[in-house]
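# Fold and geometry: a report
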Amino acid sequence: MRSRARLVAEEDGRGGTRPAVLHGESPLLLRRTGPRGGDLTVHLVGGAAGPLRGDDLRLDIEVGPGAHLTVHSVAAQLALPGRPGLPPSRYEIHATVAAGATLRWTPEPLIAAAGCDHHTRTVVDVAEGGTLLWRDDLVCGRHHEPSGAVLSDTTVRYAGRTLYRHELHVGPSAPAWSAAAILGGAQALGTIVLAGPALPEPRLLPGEAALMPLAGPGLLATAVGPDIRAVRRALDPLSEGQYSLRPV
Amino acid sequence: MSSLATLLVLADGRLPSGGHAHSGGLEAQVAAGRVRSLGDVEGFLRGRLHTAGLVAAAFAAAAVAGRVADLDAGLDARTPSPALRRASRAQGRALLRAGRAMWSLPAFRDLHHPVALGVLAAAAGLRPLDAAVAAAHGVVTGPASAAVRLLGLDPYQVHALLARLAPSCDEIAASAVSFVHAPADDLPAAGAPLLDIGAELHATWEVRLFAS
C-alpha cells in the first residue's frame, strides 16, 4: 500500500491556526479535532491494518509562521509482518516549523509485532524562533512475544544546523539490541526532542530516564522501561503541557 | 603506504591519552545490576560496538580525509548526553596532546575523541580504514579492561572475548569507511539509550572508579 498525506497549518489572522491543507490517504488519514479558533489539533486515524511489509507511507507537515499545531493519533501503530519476500514497510515523515510557530507531535506508540520489518525516517527542520516537541514511543513486541525489527532514523535541525541525529535498530536483525548498552532487556522506549527558545531545565526523570541538554538549543528526554507505562510515567509530564513551550 | 607498526602505536592502550580513566559506560551498567558476568560483558561490548563503535569508526575514518569542524558538530548532534560529550572531548584533548608529541599535528585543541583519532591517523600517514579499526578496537578494549577491575573477571577470559570480537571490529571498520565522503548528516548515528541515561546517572555519583 502506498500512501501520501500532507498537513499545512497556517495562522488564520485572528490569533488562531487553520488547516490550509489536510490531505490523507488510507492508512494515513487526518482528522481535525478540538475547538475551532485556537491552536490546531489534528488526529492521525489509522485507516487500515499495518503498516505491513511492502507498505510505503509518507507524511509531510508544514507549520507556517505564527501557527500552532498539535498532532496526536487515535491508536497505537502496529507494525505487522505482511507477506514474506516484500521489502520492509517504510514510513517517512518530513516536517518544517517556521519562526514563531509550534509543532507538538505526540502520537500513540509504535508497536513492533513479532516478524515485522519496519523502517521509519523522520526529518524535522525548525527555523530560528520556532518551537518543537517531537515524541516517539516504541514497544518491542506485543504481550509475551519477541520484538519484530524496527529501524528508526531521526534528524532534527534547528536554524539550519543539525541539532539531533539518532538511529535505533531493534529486533532479530539488530546485534545485541537488548543487551546492557542499548535497551538492557527493556521492552519500551520513549524519546522527546524539545527545541526552541523556551525550554525546561535538564534533570533526571523517574525510572530509567533523563532529560538532557543537547549541544544546540534543545533537549532530549529518553526513557526506557519494562513496559510503556514506565515510559509514560517519565515522559507524559513533559509532553502534556505541564511546561509551556511558548516564549514568554 | 600505511605502516602497521604506526597503527599499533596509535591503537595501543598504553598511549598516554587517559583512556584508562573511562569505562565506556560499563561502570553505570554494573551498578544498575545489568552486567554481572562475562556473558553480560560480551553483550554490552557487542551493543556498544554496533552503536557507539560504528559511529566512532565512521567519524575517525572521515576525519582522516578532512572536514574536521563539520564532523565534530556531527558528533555533538549524535551525543545527547552532556556527560558523554564531556568524556569524549576530554579524551579527544588528551589524545591531541599526546599526538602533538608524536607527529606534526594541525592546531586543533578541543575535538571529540573519534575526530581527534582521525586527525592523528592522518598526521601519522595512516589511511581511513586504519583510523576506523583503531576506533572500533578502542571502543571495546577500554570497557573490557574496566570490566576486569569492576567485576574481578579473569583477565584471560576477557582477552579471549576480545579475540572473539576482533572480526566484528574489522566488519564495523569496513562498513565505517564507506561513509568517508558522505555528508555529515548521512554518517552512522546508531544510538544506545542506556549508555546515555547511564552516563547522566553516573555523573551524579559522588564516588566512582571511572570518569565515565
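Figured I'd write up the structure that's included with this text. (Residues numbered from 1 in each chain as written. Chains lettered and ligands numbered in written order. Predicted model: local features only at pLDDT ≥ 70, side-chain atom pairs only at ≥ 80, totals over all residues. Heavy atoms only, no water.)

Attention now goes to the overall build of chain B. When you go through chain B residue by residue, the secondary structure sums to 9 helices and 0 strands. The linear arrangement of helices and strands in chain B, starting from the amino end, is α-α-α-α-α-α-α-α-α. Here chain B has a C-alpha radius of gyration of 16 Å; the compact-globule value for 212 residues is 17 Å, and the two agree. Taken over the C-alpha atoms alone, chain B extends approximately 45 × 35 × 30 Å along its principal axes. Here the analysis covers contacts within chain B between residues at least 6 apart in sequence; of these, 74% occur between residues at least 24 apart. Working note: accessible area of chain B is about 8700 Å², and carbon and sulfur atoms make up 58% of it. Separation of charge centres in chain B, based on 18 positive and 17 negative side chains, amounts to 5 Å. (Helix = DSSP H or I, 4+ residues; strand = E, 2+ residues; numbered from the N terminus. Rg over C-alpha atoms; globule rule 2.2 N^0.38 Å. Contact = heavy atoms within 4.5 Å. Areas by Shrake-Rupley, 256 points an atom, 1.4 Å probe, with all protein chains shown as cover. Lys, Arg positive; Asp, Glu negative; His and termini not counted. Charge placed at Lys NZ, Arg CZ, Asp CG, Glu CD.)

Glancing now at the sheet that holds strand β2 (residues 17–23) of chain A. Residue and element names in this part refer to chain A. As summarised here, the arrangement of the 7 strands in space is β2-β1-β5-β8-β11-β13-β14, forming an open sheet in which the pairing is mixed. Strand pairing shows two members of the sheet lacking a second neighbour, β2 and β14 (161–170), which therefore form its edges. Pairs of neighbouring strands in the sheet enclose a mean axial angle of 10 degrees, with direction left out of account. Taken together, the 9 bridges between strand β8 (residues 89–97) and strand β11 (residues 117–126) define a ladder with parallel strand orientation. Bridging across to β11, E92 finds its partner in R121. (Pairing = 2+ DSSP bridges. Axes fitted to C-alpha atoms, helices over the stretch in contact; angles between N-to-C directions.)

Take the packing of helix α5 (residues 82–102) of chain B against helix α9 (residues 193–202) of chain B next. Residues and elements named next belong to chain B. The contact between α5 and α9 brings their axes to 7 Å, and the two run at 85 degrees. The orientation of α5 relative to α9 falls into the category roughly perpendicular. In contact with P82, A83 and L84 of α5, α9 contributes L195, D196, A199 and E200. (Parallel < 35°, antiparallel > 145°, perpendicular 65-115°, else oblique.)

Let us look at the pairing of strand β17 (residues 208–213) of chain A. All names here are of chain A. Pairing of strand β16 (residues 203–205) with β17, which is carried by 3 bridges, proceeds in the antiparallel orientation. For R203, the partnering residue across the bridge sits in β17 and is L211. Where β16 folds back on β17, the antiparallel hairpin that results is connected by 2 residues, among which G207 adopts a positive phi of roughly 80 degrees. The pairing of β17 with strand β18 (residues 218–225) spans 6 bridges and is classified as antiparallel.

Two aromatic rings, taken as a pair, are described by how far apart their centres are and by the angle between their planes. All names here are of chain A. Under the criterion given, the structure shown has 1 aromatic pair over all chains. Each ring, one from W105 and one from W134, has its centre 4.6 Å from the other, and the planes form 10 degrees; the classification is stacked. Linking W105 in strand β9 (residues 102–105) with W134 in strand β12 (residues 131–139), this pair joins segments that are 29 residues apart in sequence. Residue classification places W134 among the buried positions, given a relative accessible area of 1%. (Phe/Tyr/Trp six-rings, centres within 6.5 Å; stacked < 30°, edge-to-face > 60°. Buried < 20%, exposed > 50% of the residue type's maximum accessible area, 1.4 Å probe, protein only.)

Spatial relationships are all this shows, so hold off on functional conclusions.
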